[in-house]
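Structural overview for review
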Amino acid sequence: MKMQFEVLFVSQTGNTEKLAKAVFEAIPSKSKEIQRLTRDTELDLAETYFIGFWTNHGTCSFEVLDYISELHGKNIALFGTCGMGSDAEYYQRISRQVSAFIPDDNQYLGTFLCQGKMPMSVRNKYEEALTRGDYDSCTRKMIRNFDEALLHPNQTDYEEAKKFVEGVMLKIGIYQ
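Please read all numbers here as calculations on a predicted model, not as lab measurements. (Residues numbered from 1 in each chain as written. Predicted model: local features only at pLDDT ≥ 70, side-chain atom pairs only at ≥ 80, totals over all residues. Heavy atoms only, no water.)

1. Re helix α4 (residues 120-132)
Every α-helical turn comprises 3.6 residues, leaving residues that sit three or four positions apart pointing alike. Let me state the cut-off plainly: Secondary structure follows DSSP: runs of H or I at least 4 residues long count as helices, runs of E at least 2 residues long count as strands, and numbering of each begins at the N terminus. Take the residue count of a helix, subtract one, and multiply by 1.5 Å to get its expected span. Throughout, exposure labels follow a simple rule: accessible area from a 1.4 Å probe, protein chains only, divided by the maximum for the residue type, with under 20% read as buried, over 50% as exposed, and the rest as partly exposed. Here the arc refers to the set of directions running from the helix axis out to each C-beta atom.
With 13 residues, α4 should cover 18 Å at 1.5 Å per step; its first-to-last C-alpha distance of 19 Å lies within 8% of that length. Buried within α4 are the following residues: R123, Y126 and A129. The buried residues of α4 occupy one face: seen down the axis, they fall within an arc of 120°. Pointing more than 90 degrees away from the buried face of α4 are the exposed residues K125, T131 and R132.

As C-alpha cells, then:
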C-alpha cells in the first residue's frame, strides 16, 4: 500500500531539516514518512509530497528541481528556508521559480518559506566589503538581515508551517 504523505527535504545548514520536522509533525496521519532527498530517492512514494529546500540565488538545488519535475499525478506542497530576508515579494519570486518545475498533471498546493540563519562566512564577507568601502549602505542592510536571520527558523516560523500544513490538508479534503 502506498504511503499517503512523504516529507522530503534538502538542508545544507540544518534550517530546512528543522522546518521539515515541524511539517512532518503537523501532518495528521500515521501514513507518513520523512527523509532527506538525494539523487537516489525513489519516485512514487506517496500521494502527497511536502518538499523542502534551502534557497540559493532565488531558487533551490538541482536535486529538488530534478525530483519535482519527475513527479506525476501527485499533490505537491513546497516549503523552504531563505537567509536573505523575510520579504513577501521575494518569497513569491522564489515560489514561482521553483513551482514552475512541477508538471501540470500534479496539483500544486502552495509554498511556505521562512527565514533561516546563514553560515558566519557570509557575514565575514559582508564585513570585508565594508572595510574596503564596497557597497556601503547595501552591505549594512545585508549585515542587519544576516543578524536577524540568526534567530530563524523560530517558534513563530514552526507555527506558521503548521498553519500551512493545515491549509494543504483543507485543499486535499483531509479537513472538512
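Alright, that's what it looks like, and here's the rest.
2. Some thoughts on the packing of helix α1 (residues 15-26) against helix α6 (residues 155-171)
How we decide: To define axes, lines are fitted to C-alpha atoms, for helices over the stretch in contact only, and angles between the resulting N-to-C directions are given on a 0 to 180 degree scale. Angular relationships are summarised with four words: roughly parallel below 35 degrees, roughly antiparallel beyond 145, roughly perpendicular across 65 to 115, and oblique for the angles in between. What makes a crossing left-handed is the near helix being turned counterclockwise from the far one by less than a right angle; a clockwise turn instead makes it right-handed. In this analysis, two residues are considered to be in contact whenever any of their non-hydrogen atoms come within 4.5 Å of each other. For this classification, the nonpolar set comprises Ala, Val, Leu, Ile, Met, Phe, Trp, Tyr, Cys and Pro, the charged set comprises Asp, Glu, Lys and Arg, and every other residue, Gly included, is treated as polar.
Interhelical geometry of α1 versus α6 gives an angle of 45° and a closest axis separation of 9 Å. In this view, α1 runs oblique relative to α6, as classed from their interaxial angle. Here α1 and α6 pass one another in a crossing that is right-handed. Across the interface between the two elements, K18, L19, A22, V23 and A26 from α1 touch D157, Y158, A161, K162 and V165 from α6. Residue composition of the contact of α1 with α6, grouped by class: seven nonpolar, no polar and three charged.

3. So, the packing of aromatic side chains
In plain terms, the rule: Pairs were defined over the aromatic rings of Phe, Tyr and Trp, the Trp ring being its six-membered one, requiring ring centres within 6.5 Å. Orientation was assigned from the angle between planes: stacked under 30 degrees, edge-to-face over 60, tilted for the rest. By definition, being over a ring means that NZ of Lys or CZ of Arg is both within 6 Å of the ring centre and within 35 degrees of the ring normal.
In total, this model carries two aromatic pairs according to the counting rule given. In this structure, K32 is placed above the aromatic ring of F24, and the distance from its NZ or CZ to the ring centre is 4.4 Å.

4. Describing the pairing of strand β1 (residues 3-9)
Using the following cut-off: Paired strands are those between which DSSP finds at least two bridges. By the criterion used throughout, a crossover qualifies as right-handed when its path from the first strand across the helix to the second strand runs clockwise, the strands pointing away from the viewer.
Burial within β1 is extensive, with six of its seven residues counted as buried. Pairing analysis gives six bridges linking β1 to strand β3 (residues 46-54), with the strands arranged parallel. In the sheet register, E6 faces β3, and the bridge partner there is Y49. Pairing between β1 and strand β2 (residues 32-36): five bridges, direction parallel. Its bridge partner lying in β2, E6 is registered against E33. Assessed by its sense of winding, the connection that carries the chain from β1 through α1 to β2 is right-handed.

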